Amino acid sequence: MEKLVFYGFNHQHIPPSFIIHPEKRPRKLDHPVVYHNTPIIDLKDCVDGALDRSATIQQIFKAIEEFGFFQLVNDGVHEELMEEAMEVSKEFFEMPVEDRLSLYREDPMHPVRVSSSIVYENEEVHYWRDKLRHLCHPVEEFKHLWPSKPTKYKEVIAAYSVKVRALALKLLELICEGLGLQPDYFNGELSQMQSILINHYPPSPDPSLTLGLPKHIDPNVITILLQGDSYGFQVLKDGEWIDVKPLPNTHLVVLGHQLQIISNEKLKGVEHRVVSTNVPRTTIAMQIHPSMDCVVEPAKEVIDEGNPAKYRSFTYQEFVDSYLTSVIDTQKSTKPFKILA
Ligand code: OGA
Ligand code: NI
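Residues numbered from 1 in each chain as written. Chains lettered and ligands numbered in written order. Predicted model: local features only at pLDDT ≥ 70, side-chain atom pairs only at ≥ 80, totals over all residues. Heavy atoms only, no water.

The next point concerns the UniProt feature "domain: Fe2OG dioxygenase" (unreviewed entry) in the protein. The feature "domain: Fe2OG dioxygenase" (unreviewed entry), as annotated in UniProt, sits at residues 189–290 in this numbering. As annotated, residues 189–290 comprises 6% helix and 46% strand, and the C-alpha atoms at either end are separated by 6 Å. (UniProt positions renumbered as here; feature names shortened; annotations may be inferred. Helix = DSSP H or I, 4+ residues; strand = E, 2+ residues; numbered from the N terminus.)

This is the structure:
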């Protein structure tokens, strides 16, 4: 079996089904575009008190418009906690393969799942990534299902999940304020589901032939990514792929399809991908989703005659089904929900 998860760590050759079609191969690997002024937002004034929120809200909207993402400082999650979360995540993928096999699942909706690539069974080409994904809200409902090795995993990831959830909800509150929605618009079903996705990208024998993840927008509402210390994350800006510098213990925020839809495209999710490199890379993506049967639609407050709804209402389950069957192709997966002008 050529599923990456069964190979463990050292890949001497690239199985043919992991070689990316020549037209879709990453280029410019030797000379990637690096911007030195990508947006960094300081949440110091917003986390505890409610000082000058409007300046921060403006920064968020500007960052999303110009770059599609931003990085955070003083976001209320302690550096030690980020370090510990990254440590247990790396340890998980450094364990012998056998220790991960008991959690191997084909079902993409399983609450705790180790797998490879995206939806292995639906793909013509596979991506150079292993992953552990599990639900983490409410923590007590799912914690007993989480990996029991490394021994500190449950304790650290429980604390990290709670802290990052609070951060995500704070960001959503600021975004609501900017959109003219009630500050608690996302507090119920729209943020009910939370998953942690620990991505592990093994070193590639030839990074020009493989991809960690192809171009996509995340399906959920908002993603808070901890990208560790290795390069690989790229966003599409003005038709060009740019490298996002990994800053130590710094969260990176991208908006997902649901926020783009709810804001009726006042805010956009950014297309991003992960290129392979010759060093291992581990990342932690904390994703806030609606519950599966939650009805999603553009918020009434952001549509009017001059700005009619661009999407019909649908359940999140419908969206996820479409997303997974089209293997995260942005055009194909959103088409069934678009209202054409
Ligand atoms: C994702 C993603 C980026 C990374 O999991 O959706 O874009 O660097 N991850 O792992
Ligand atoms: Ni993503």
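Right, let's talk about the site of ligand 1 for a bit. The environment of ligand 1 is formed by 13 residues, the closest being Tyr201, His216, His272, Arg281 and Thr283. Note that an oxygen atom of ligand 1 is positioned 3.2 Å from one of the side-chain N or O atoms of Asn199. Between His216 and ligand 1, the recorded distance is 3.1 Å, taken from a side-chain N or O atom to an oxygen atom. Protein chains bury 96% of the 290 Å² of accessible surface belonging to ligand 1 in isolation. Among the elements of the structure, strand S6 (193–201), strand S7 (211–216), strand S12 (272–275) and strand S13 (281–289) are those that each provide at least two residues to the shell around ligand 1. By residue number, the principal contributor to the shell around ligand 1 is S6, which donates three residues. (Near = heavy atom within 4 Å. Polar contact = N/O pair within 3.5 Å; in protein donor to acceptor, adjacent residues only side chain to side chain. Areas by Shrake-Rupley, 256 points an atom, 1.4 Å probe, with all protein chains shown as cover.)

Let us look at the coordination of the nickel ion (ligand 2). Surrounding the nickel ion (ligand 2) are the protein donor atoms His216 (NE2), Asp218 (OD) and His272 (NE2), at 2.0 to 2.1 Å. Here the donor residues for the nickel ion (ligand 2) map to a single chain with the spacing H-x1-D-x53-H. Judged by its relative accessible area of 5%, Asp218 is buried. (Donors = N, O, S within 2.8 Å, 3.2 Å for Na, K, Ca; no water. Buried < 20%, exposed > 50% of the residue type's maximum accessible area, 1.4 Å probe, protein only.)

What follows is about helix H7 (residues 153–179). Two residues of an α-helix separated by three or four positions point the same way, owing to the 3.6 residues in each turn. Relative to the 39 Å expected for 27 residues at 1.5 Å per residue, H7 spans 38 Å between its end C-alpha atoms, a close match to the ideal helical length. Directly beyond the C-terminal end of H7, a positive phi value near 80 degrees is found at Gly180. (Expected span 1.5 Å × (residues − 1).)

What follows concerns the sheet that holds strand S1 (residues 33–34). Backbone-to-backbone hydrogen bonds join strands into a sheet, with any given pair of strands oriented parallel or antiparallel. In space, the five strands of this open sheet follow the order S1-S10-S9-S12-S7, with mixed pairing throughout. What marks the edges here is a single partner per strand, and that holds for S1 and S7. (Pairing = 2+ DSSP bridges.)

Let us look at unusual backbone geometry. The residue after His137, namely Pro138, is reached through a cis peptide bond having omega -10 degrees. Assignment of secondary structure puts Pro138 in the loop between strand S5 (130–135) and helix H6 (139–142). Looking along the chain, the bond that leaves Lys149 and enters Pro150 is cis, with omega of -10 degrees. Following the sequence through the fold, Pro150 ends up in the loop between H6 and H7. The phi dihedral of Asp238 is positive, around 50 degrees, even though this residue is not glycine.

What follows concerns the nonpolar core. Grouped together as the largest cluster of nonpolar side chains are 86 residues, with contacts concentrated most on Phe70, Trp146, Tyr160, Leu171 and Ile222. Among the elements that line this core, the one with the most residues is H7, at 14 residues. Apart from residues no more than four positions distant in its own chain, Tyr160 is found in contact with Val77, Leu81, Met82, Ala85, Leu226, His251, Ile284 and Met286. By size, the runner-up hydrophobic cluster in this structure holds 12 residues, among which are Leu225, Ile242, Val244 and Val270. (Core = buried A, V, L, I, M, F, W, Y, C linked by side-chain atoms within 4.5 Å. Contact = heavy atoms within 4.5 Å.)

Turning our eyes to something else, we now look at the pattern of salt bridges. Per the counting criterion, the structure on display carries 11 salt bridges. In this structure, Lys170 and Glu173 form a salt bridge, with 3.9 Å as the shortest nitrogen-oxygen distance. One end of the pair, Lys170, and the other, Glu173, are both in helix H7, three residues apart, so they sit about a helical turn from each other. (Salt bridge = Lys/Arg side-chain N within 4 Å of Asp/Glu carboxyl O.)

A few words now on the pairing of S12. Burial along S12 is two-sided: the residues His272 and Val274 and Arg273 and Val275 are all buried. The pairing of S7 with S12 spans three bridges and is antiparallel. Among the inter-strand pairings, His216 is bridged to a residue of S12, identified as His272.

Tracing the sequence through the fold places Ser89 in helix H4 (residues 79–94). A relative accessible area of 0% means that Ser89 is categorised as buried. Ignoring sequence-local partners within four residues, the contact set of Ser89 consists of Ile198, Thr282 and Ile284.

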